[in-house]
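# Structure at a glance
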Amino acid sequence: MNRLTNNANGTTAKKRNSILASNPVMRRLNKVNEYDVTNAATYGGITAKTVYFLLFTIVGIVLQLILAKTFATGEEFTVNIKGFEVTMYITEAIALGVSVIAAIVFQLLAFFAKATTPVTGALYCITQGYFISFLIFKVLAGMEYLGALALAITMVIILVMALLYTKGVIRVTKKFKAIMLTLFVTVIAVTLLTLICSFIPFTRPIVQAIRGNLVFSIGFSVIFIIIAALFLICDFDTIEHVVNDKLPKKYEWQAAFGLAFTVIWLYLKVLDIIITIAGSKK
């Protein structure tokens, strides 16, 4: 529901509040009541900080490549990842698991402890870069160019969604938010149901058959990509609110991390569908 709030100039600013405005960072920004006309957030500041976070993703990629050589000792084992037979070392697998856990921790800290966002957001991006590097250089070994293809597709999606938003083709209305909520809840429900059924002996073979179905895997990935793209629209809308309603400059960090979070999520979903298709051909 929209509500009106007076800003520091006494002008009227429109505040948006919904169940699923976008990711948690952006939802919190939609509820901010602070204003600072002398040191307000700007599009340039948010853009620079978004680039700052994304550069740390590259740091994570480089870190994984360095540590992969360090961990290339000890016991090995082979695991099938979406059709790719991947040989890993125990230490390498432990490091990957630690990075996944760290990503969850840093993500939550960046979301809810806003004072730590410049640091915890950067650390989150490093962990995601580490995971992305594993997928590209370990799972897709010999086909690393597919990582670049995923990046190109992600950039095209971002540009298209930005254009649709700036031209007013897609607007963040109650109906738009309802569609997002329906998609999001449906995917979460299906994911949880699949997870539960995978532990039940009677339904486990069914779950395995579904997971092994190429059409289902691609379809599910496409839905995630659509949701991530819609999140971008909501992120753009929230950033516009942060700038136009003159929120203090400190909120640039949260707006930037929220956008970086969505961009990385989108890239991972695009990369996932590419790996699924490439794995099916192998």
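## Observations regarding the layout of surface pockets
Rolled over the atoms, a probe with the dimensions of a water molecule shows which regions are left empty. Of the volumes computed, that of the second largest pocket is approximately 790 Å³. What lines the second largest pocket is a set of 28 residues, and nearest its centre among them are Thr-50, Leu-54, Met-155, Ile-158 and Val-263. Looking at the lining of the second largest pocket, the elements with two or more residues in it are helix H2 (43-70), helix H4 (117-139), helix H5 (145-166), helix H8 (214-244) and helix H9 (252-281). Sort the elements by how many residues they give to the lining of the second largest pocket and H5 lands first, with ten residues.

## Topic: the packing of aromatic side chains
Considering all chains together, one arrives at 16 aromatic pairs under this definition. Ring centres of Phe-111 and Phe-112 lie 6.3 Å apart, and the angle between their planes is 85 degrees; on these two criteria the pair is classed as edge-to-face. Look at Tyr-124 and Phe-257: their rings are 5.7 Å apart centre to centre, the planes differ by 85 degrees, and that puts the pair in the edge-to-face class. Taken as a pair, Tyr-124 in helix H4 and Phe-257 in helix H9 lie far apart in primary sequence, 133 residues in all. For Tyr-124, a relative accessible area of 5% corresponds to the buried category. By relative accessible area, which is 0% here, Phe-257 ends up buried. By the ring-pair criterion, three or more aromatic residues cluster together here, those being Tyr-52, Phe-53, Phe-56, Phe-111, Phe-112, Tyr-124, Trp-253, Phe-257 and Phe-261.

## Notes on helix H6 (residues 174-197)
Its 24 residues place the ends of H6 34 Å apart at the C-alpha level, agreeing with the 34 Å of an ideal helix rising 1.5 Å per residue. Residues of H6 that are buried include every one of Phe-176, Lys-177, Met-180, Val-187 and Cys-197, and no others.

## Looking at the confidence of the model for the protein
Counting all residues, the mean pLDDT for the protein is 84, and 86% of those residues have values of 70 or more. Taken together, the stretch residues 1-22 has pLDDT below 50 and engages in 62 contacts with residues farther than four places along the chain or on a different chain.

Rules behind the numbers
Residues numbered from 1 in each chain as written. Predicted model: local features only at pLDDT ≥ 70, side-chain atom pairs only at ≥ 80, totals over all residues. Heavy atoms only, no water. 1 Å grid on protein atoms, 1.4 Å probe; cavity = no way out; pocket = protein on both sides within 12 Å on 5 of 7 lines; lining within 4 Å. Points joined across faces, edges and corners; volume = space filled by probe spheres on them. Helix = DSSP H or I, 4+ residues; strand = E, 2+ residues; numbered from the N terminus. Phe/Tyr/Trp six-rings, centres within 6.5 Å; stacked < 30°, edge-to-face > 60°. Buried < 20%, exposed > 50% of the residue type's maximum accessible area, 1.4 Å probe, protein only. Expected span 1.5 Å × (residues − 1). pLDDT = per-residue confidence, 0-100. Contact = heavy atoms within 4.5 Å.

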